[in-house]
Amino acid sequence: MTNYYELLGVGRDASEAEIKQAYRKLAKKYHPDTNQGSEEATRKFKLIHEAYNTLRDEALRQAYDAELIRKATGTSGEQQEKARGAAAPSEGTRRAAKGFNPADIGTDFEQFFGFHPKTKEGSPGKKMKKSGDPTDTSAMFNQFFGIRKK
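Each value, and the rule that gives it
Residues numbered from 1 in each chain as written. Predicted model: local features only at pLDDT ≥ 70, side-chain atom pairs only at ≥ 80, totals over all residues. Heavy atoms only, no water. Helix = DSSP H or I, 4+ residues; strand = E, 2+ residues; numbered from the N terminus. Buried < 20%, exposed > 50% of the residue type's maximum accessible area, 1.4 Å probe, protein only. Contact = heavy atoms within 4.5 Å. Lys, Arg positive; Asp, Glu negative; His and termini not counted. Salt bridge = Lys/Arg side-chain N within 4 Å of Asp/Glu carboxyl O. Axes fitted to C-alpha atoms, helices over the stretch in contact; angles between N-to-C directions. Parallel < 35°, antiparallel > 145°, perpendicular 65-115°, else oblique. Left-handed = near helix turned anticlockwise from the far one by under 90°. Nonpolar A, V, L, I, M, F, W, Y, C, P; charged D, E, K, R; others polar. Core = buried A, V, L, I, M, F, W, Y, C linked by side-chain atoms within 4.5 Å.

(A) Spatial organisation of the overall build of the chain. Along its length, the chain carries 8 helices and 0 strands. Secondary structure elements of the chain occur, N-terminal to C-terminal, as α-α-α-α-α-α-α-α. Going through the 150 residues of the chain one by one, you find that 20% of them count as buried. Here the contacts in the chain between residues at least 6 apart in sequence split such that 42% fall between residues at least 24 apart.

Encoded structure:
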């Protein structure tokens, strides 16, 4: 596992501004356009970009720090959670930690809009107003901008 803090040259307690400054400096140095397409520079640039994206997002950074600690101490994640007495991470944290998965787009869409994009069926357990257009936003528009009766 690559230590993103060492890669960017910052400490584990670095602020978001320090991380951003270190990223910009290294990205400029290893950008493929500045290195005439060098494979090593491209590989390093991608790794620096991955490190920056992980460390700038608070949920991803916490998950990454937990993984670093787990690797350093040799304990499992469950043992570490029990030792700290912390609750298990939420679904959103787990999803953010695992990154983007194109296979989850349908599930994400269904969760957000309340219906499946291909079948147009509503999610089980969600009560939706039946209408011809599942993306009808007129009720929401009227709630905010419509005429209010006193």
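(B) Here's a closer look at the side chain of R61. Mapped onto the elements, R61 comes out in helix α4 (residues 58–73). As a buried residue without a salt bridge, R61 has its nearest oppositely charged side chain in D65, at a separation of 4.3 Å. Residue contacts for R61: discarding those within four places in its chain leaves Y5, R12, D13, A14, I19, T54 and L55.

(C) Structural detail: the packing of helix α2 (residues 16–30) against helix α3 (residues 39–56). With their axes 9 Å apart at the nearest point, α2 and α3 run at an angle of 165° to one another. Overall, the two elements α2 and α3 adopt an arrangement that is roughly antiparallel. As α2 runs across α3, the sense of the crossing is left-handed. Touching E16, I19, K20, Y23, L26, A27 and Y30 of α2 are A41, K44, F45, I48, H49, Y52, L55 and R56, all from α3. Residues of the contact of α2 with α3, tallied by class, amount to 10 nonpolar, 1 polar and 4 charged.

(D) Examining the pattern of salt bridges more closely. A complete count under the given rule lists 4 salt bridges for this structure. Here R43 makes a salt bridge to E40, at a shortest N to O gap of 2.7 Å. One end of the pair, R43, and the other, E40, are both in helix α3, 3 residues apart, so they sit about a helical turn from each other. When its relative accessible area of 47% is taken as the criterion, E40 is described as partly exposed. Between E67 and R70 there is a salt bridge, with the nearest N and O atoms lying 2.7 Å from each other.

(E) Structural detail: the packing of α3 against α4. At their nearest, the axes of α3 and α4 sit 5 Å apart, and the two run at 105° to each other. It follows that α3 is roughly perpendicular to α4 by the angle criterion. The segment α3 lies against α4, with N53, T54, L55 and R56 engaging E58, L60, R61 and Y64. When its residues are assigned to classes, the contact of α3 with α4 shows 3 nonpolar, 2 polar and 3 charged.

(F) Fine view of the nonpolar core. Of all hydrophobic cores here, the largest spans 19 residues; its most connected members are L8, V10, I19, I48 and L55. Elements supplying a minimum of two residues to this core: α1 (4–8), α2, α3 and α4. In contact with I48, not counting residues within four places along its chain, are L7, L8, Y23, L26 and Y30.

Scope: geometric values only; no functional claims are made or implied.
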